[in-house]
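Here are the chains, one letter per residue:
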Amino acid sequence: MTSQPKDIYRFLSETIATHSELKHWTAEELKAKETDFDFWEELGEHLDCLRVCDVCHRPMIEGYCIDDGQEHYCSDECLNAVYTDEDFEEMCCDGEGTSYWTVWWE
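Residues numbered from 1 in each chain as written. Predicted model: local features only at pLDDT ≥ 70, side-chain atom pairs only at ≥ 80, totals over all residues. Heavy atoms only, no water.

Trainee: Is there a simple way to think about the pattern of salt bridges in this case?
Mentor: Should the charged atoms of two oppositely charged side chains come close, the side chains can pair. Tallied over the entire structure, the rule returns three salt bridges. Residues Glu34 and Lys31 are paired through a salt bridge, measuring 3.1 Å at the closest nitrogen-oxygen approach. Looking at Lys31, the relative accessible area reads 44%, which means it is partly exposed. For Arg58, the salt bridge is made with Glu34, and the minimal N-O distance between the two is 3.5 Å. You can see Arg58 sitting in the loop between strand E1 (51-52) and strand E2 (59-60) and its partner Glu34 sitting in the loop between helix H2 (27-32) and helix H3 (37-44), a full 24 residues away along the chain. Connected through shared salt-bridge partners, Lys31, Glu34 and Arg58 make up one network. (Salt bridge = Lys/Arg side-chain N within 4 Å of Asp/Glu carboxyl O. Buried < 20%, exposed > 50% of the residue type's maximum accessible area, 1.4 Å probe, protein only. Helix = DSSP H or I, 4+ residues; strand = E, 2+ residues; numbered from the N terminus.)

Pasting the structure below:
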């Protein structure tokens, strides 16, 4: 697993800088919305690189994708709040399952 850019909010503000409807959001303004689940869900509809963690509701650009995108978790801690490591390994099925760690921002 790779790590997210150190400042996800700066990354997102740079990513949306060319988007006509979204370019007004600065990194600081995005950071202030950190736990606003509805805001991130709505923004995620415009950005392929963005998902929202189902546990902490923070934005994520990489993380766990469960059941082909039915659930998303940003960290081991959030994943383990719902599933054990053994559960996740079973869902992965040695890379043949529909649950995996992925990066949406590359």
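Trainee: Would you take a moment to explain the environment of Cys49 for this structure?
Mentor: One can find Cys49 in the loop between H3 and E1. Taking relative accessible area as the criterion, Cys49 reaches 9% and is therefore assigned buried. Setting aside its immediate chain neighbours within four residues, Cys49 contacts Phe11, Leu12, Thr15, Met60, Ile61, Trp104 and Trp105. (Contact = heavy atoms within 4.5 Å.)

Trainee: Is there a simple way to think about a negative patch on the surface in this case?
Mentor: A cluster of like negative charges, contributed by Asp76, Asp85, Glu86, Asp87, Glu89, Glu90, Asp94 and Glu96, occupies part of the molecular surface. Of all the elements, helix H5 (residues 85-92) adds the most residues to the negative patch, at five residues. Relative to the assigned elements, Asp94 resides in the loop between H5 and strand E5 (100-103). According to the relative accessible area criterion, Asp94 is exposed, its value standing at 77%. (Patch = residues over 30% accessible without salt bridge, like charges linked within 9 Å, V, L, I, M, F, W, Y side chains within 5 Å. Areas by Shrake-Rupley, 256 points an atom, 1.4 Å probe, with all protein chains shown as cover. Lys, Arg positive; Asp, Glu negative; His and termini not counted. Charge placed at Lys NZ, Arg CZ, Asp CG, Glu CD.)

Trainee: Please clarify how the pairing of strand E3 (residues 62-66) should be interpreted in this entry.
Mentor: Two faces belong to every sheet, and in a regular strand the side chains alternate between them. Most of E3 sits inside the fold, with five of its five residues counted as buried. The sheet contact formed by E3 and E5 spans four bridges and is antiparallel. For Glu62, the partnering residue across the bridge sits in E5 and is Val103. Here E3 runs beside strand E4 (residues 71-73); their pairing, made up of three bridges, is antiparallel. Across the sheet, Tyr64 pairs through a bridge with Tyr73, a residue of E4. Hairpin connection from E3 to E4: four residues lie between these consecutive antiparallel strands, with Asp67 at a positive phi of about 55°. (Pairing = 2+ DSSP bridges.)

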